[in-house]
Amino acid sequence: MKSHIGLIGLAVMGQNLALNIARKGYKVSVYNRTAQRTEEFVKNRVTNEEIEPHYDIESFVKSLERPRKIILMVKAGKPVDDTISQLLPHLEPGDLIIDGGNSHYMDTERRFKELSEKGILFLGMGVSGGEYGALYGPSLMPGGSREAYNLVEEILLKIAAKTEDGPCCTYVGERSAGHFVKMVHNGIEYAIMQAIAEVYHIMRDVLSLSSEEMSSIFEEWNRGELSSFLVEITYKILRKKDEETGKPMVDVILDKAEQKGTGKWTSQAALDLGIPTPSINLAVVERVISHFKDIRTRLSKLYNKRRSATQGSEEFLRDLRNSLFFAMFMAFSQGMWLIAEASKEFGYGVNLSEVLRIWKGGCIIRAKLIDTLRRYISNENAYLLENEEVMNLLKGKIDSLKNILKASIENEIPVPVLNSSYNYFMSLTEERLPANLIQAQRDFFGAHTFERVDREGVFHINWEEGEIG
Ligand code: NDP
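Residues numbered from 1 in each chain as written. Predicted model: local features only at pLDDT ≥ 70, side-chain atom pairs only at ≥ 80, totals over all residues. Heavy atoms only, no water.

Draft legend 1. Geometry of the site of the ligand. Contacts to the ligand come from 21 residues, most closely from Met-13, Asn-32, Arg-33, Thr-34 and Arg-37. Here an oxygen atom of the ligand sits 2.9 Å away from a polar atom, N or O, in the side chain of Arg-33. Counting residues per element, the ones that place at least two in the shell around the ligand are α1 (12–23) and α4 (78–87). For the shell around the ligand, the element with the highest residue contribution is α4, accounting for 3 residues. Of the residues contributing to the shell around the ligand, the split by class is 9 nonpolar, 7 polar and 5 charged. (Near = heavy atom within 4 Å. Polar contact = N/O pair within 3.5 Å; in protein donor to acceptor, adjacent residues only side chain to side chain. Helix = DSSP H or I, 4+ residues; strand = E, 2+ residues; numbered from the N terminus. Nonpolar A, V, L, I, M, F, W, Y, C, P; charged D, E, K, R; others polar.)

In structure tokens:
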């Protein structure tokens, strides 16, 4: 019997996804560039699943029912192009390739075009949830042609995470829509992770709380409106001890954050599309700063931080909790606005509420807050702020955020994402920004012209001698 589907790339994600698909009753052919990985996978992890290993591309392709459906879970970038090139001589028009890696959306755009010209169907599919999600139910964000999606919809809906609002998979939109949405998902993830880290920093260095104490606080928060995967793993992380030293595990981990690029890509796309995503941008910048450990160590000896130990009062902890909620909200606000703009600019046809729905389960940014966001999201209100109830919700948090920002300044603690959430909100709610002065400066030195508040038209004046036009 031929396999229903094939999967190439048997690293962490590929292995778990193949097992997930097979456990839903499908026969899966697998292939990996390095044969040893395939052998180990079959030996160590495959039990009674119908998984058929192949050690050359041709036999792998021949083992699939037609039209063939092949998921790639290989490293993003050139490996995806290399793998597609190897597959192409063996495929026929109507066959489908699904790139499930974290490919850049522009690469997906190019591959979609190149493959369409050859009659090969292509889906760029964001997969979120890490290895656990891949095995037990990820959030799937497929984009490409509807025709291609229809070929695999049944399988995707079966393997995706499930919530009370259905499976966490939907047809996201045209061409590179799926990878764009996955990229922004990761950008939001960067901002939320950094906001949590900033709150942890204040708890650790201002309130001098132990890891166990912090863990209990995050655990309690996870029962309320902050309930989310990232808060949940934070409390679990904080209570974990290092087996060697007996110290909290977080205290033996070097403070240098790595990144694979999806946060940076989100910021780059946002800057290109002209959408403000300051929380995401600063989360990326802060990971970059974290890398300069040597410089930070030297400079910390030249500048002694003034820290006044503060007691962790109930009010202060409430303010921290509210600030984190505010920052989380702004991360989603910025991300959804960016997706809405990309959908318009690139003609993706994304349904924003559906995107939020498929982020309710399986993925890293799943959070209770998403239910609230879904009540207010629309194409016109993608940034989610233009609603009285939302404003009332946020108004209830703003004094807390101000208190935390004051405390962070007082104690010289960097809180770039909490701070940028505040400034993003304050800028968007300011009718009269000082951009008039910037326009005047631009016109002064570069004759870049300006508009007036009292009449239509474009103006330029000679700033040192009077108006000329
Ligand atoms: P990696 O990103 O580490 O990629 C390893 C796989 O890519 C191996 O199967 C490897 O084969 C293959 N590969 C590398 N270079 C080539 C090449 N030139 N030609 C053919 N195959 C190649 O694996 P992950 O499982 O971590 O991730 C797979 C994809 O999923 C990536 O795009 C990743 O960004 C994305 N992703 C990962 C998540 C995670 O939590 N890890 C979560 C969500 C998405 P070989 O064994 O021969 O080296």
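After that view, the rundown keeps rolling.
Draft legend 2. Seen up close, the UniProt feature "domain: 6-phosphogluconate dehydrogenase C-terminal" (unreviewed entry) in the chain. Per the UniProt record, the feature "domain: 6-phosphogluconate dehydrogenase C-terminal" (unreviewed entry) sits at residues 178–464. Between the first and last C-alpha atoms of residues 178–464 the distance is 53 Å; the span itself is 63% helix and 1% strand. (UniProt positions renumbered as here; feature names shortened; annotations may be inferred.)

Draft legend 3. Local environment of the domain arrangement of the chain. Along its sequence, the chain is carved into domain 1 (5–175), domain 2 (182–428) and domain 3 (435–467). For domain 1 versus domain 3, the distance between C-alpha centres works out to 55 Å. (Domains from an automatic or database assignment.)

Draft legend 4. Inspection of the nonpolar core at higher detail. By size, the foremost hydrophobic cluster in this structure holds 94 residues, and its most contacted members are Phe-180, Met-203, Phe-218, Leu-320, Phe-329, Phe-332 and Trp-359. Top element by residues in this core is helix α14 (residues 314–346). It accounts for 18 residues. No fewer than three residues from each of domain 1 (5–175) and domain 2 (182–428) sit in this core. With sequence-adjacent residues up to four places away left out, Phe-218 is seen in contact with Ile-196, Val-199, Met-203, Val-231, Thr-234, Tyr-235, Leu-238 and Leu-324. Counting 34 residues, the second-largest nonpolar core is a separate cluster that includes Phe-41, Ile-155, Ala-160 and Tyr-171. (Core = buried A, V, L, I, M, F, W, Y, C linked by side-chain atoms within 4.5 Å. Buried < 20%, exposed > 50% of the residue type's maximum accessible area, 1.4 Å probe, protein only. Contact = heavy atoms within 4.5 Å.)

Draft legend 5. How the structure looks around the packing of helix α12 (residues 278–291) against helix α18 (residues 416–428). It is at 8 Å that the axes of α12 and α18 come closest, and there the two elements cross at 160 degrees. Taken together, α12 and α18 sit at an angle that is classed as roughly antiparallel. In this structure, α12 meets α18 at a crossing whose hand is right-handed. The residues of α18 that touch α12, namely those facing Pro-278, Ser-279, Leu-282, Ala-283 and Glu-286, are Pro-416, Val-417, Ser-420, Ser-421 and Tyr-424. In terms of residue class, the contact of α12 with α18 is made up of 6 nonpolar, 3 polar and 1 charged. (Axes fitted to C-alpha atoms, helices over the stretch in contact; angles between N-to-C directions. Parallel < 35°, antiparallel > 145°, perpendicular 65-115°, else oblique. Left-handed = near helix turned anticlockwise from the far one by under 90°.)

Draft legend 6. Summary view of a nonpolar patch on the surface. A cluster of nonpolar side chains, namely Val-288, Phe-292, Ile-295, Leu-299, Leu-302 and Tyr-303, defines an oily patch on the protein surface of about 600 Å² accessible area. Per-element tally for the nonpolar patch: the top contributor is helix α13 (residues 293–302), with 3 residues. With respect to the element layout, Phe-292 can be found in the loop between α12 and α13. (Patch = residues over 30% accessible without salt bridge, like charges linked within 9 Å, V, L, I, M, F, W, Y side chains within 5 Å. Areas by Shrake-Rupley, 256 points an atom, 1.4 Å probe, with all protein chains shown as cover. Salt bridge = Lys/Arg side-chain N within 4 Å of Asp/Glu carboxyl O.)

Draft legend 7. Geometry of the packing of helix α8 (residues 177–205) against helix α10 (residues 229–238). At a closest axis distance of 11 Å, the pairing of α8 and α10 adopts a crossing angle of 40 degrees. Judged by the inter-axis angle, α8 sits oblique to α10. The two elements α8 and α10 cross, and the hand of that crossing is right-handed. Facing α8, whose interface residues are Glu-189, Ile-192, Met-193, Ile-196 and Tyr-200, α10 presents Leu-230, Val-231, Thr-234 and Leu-238.

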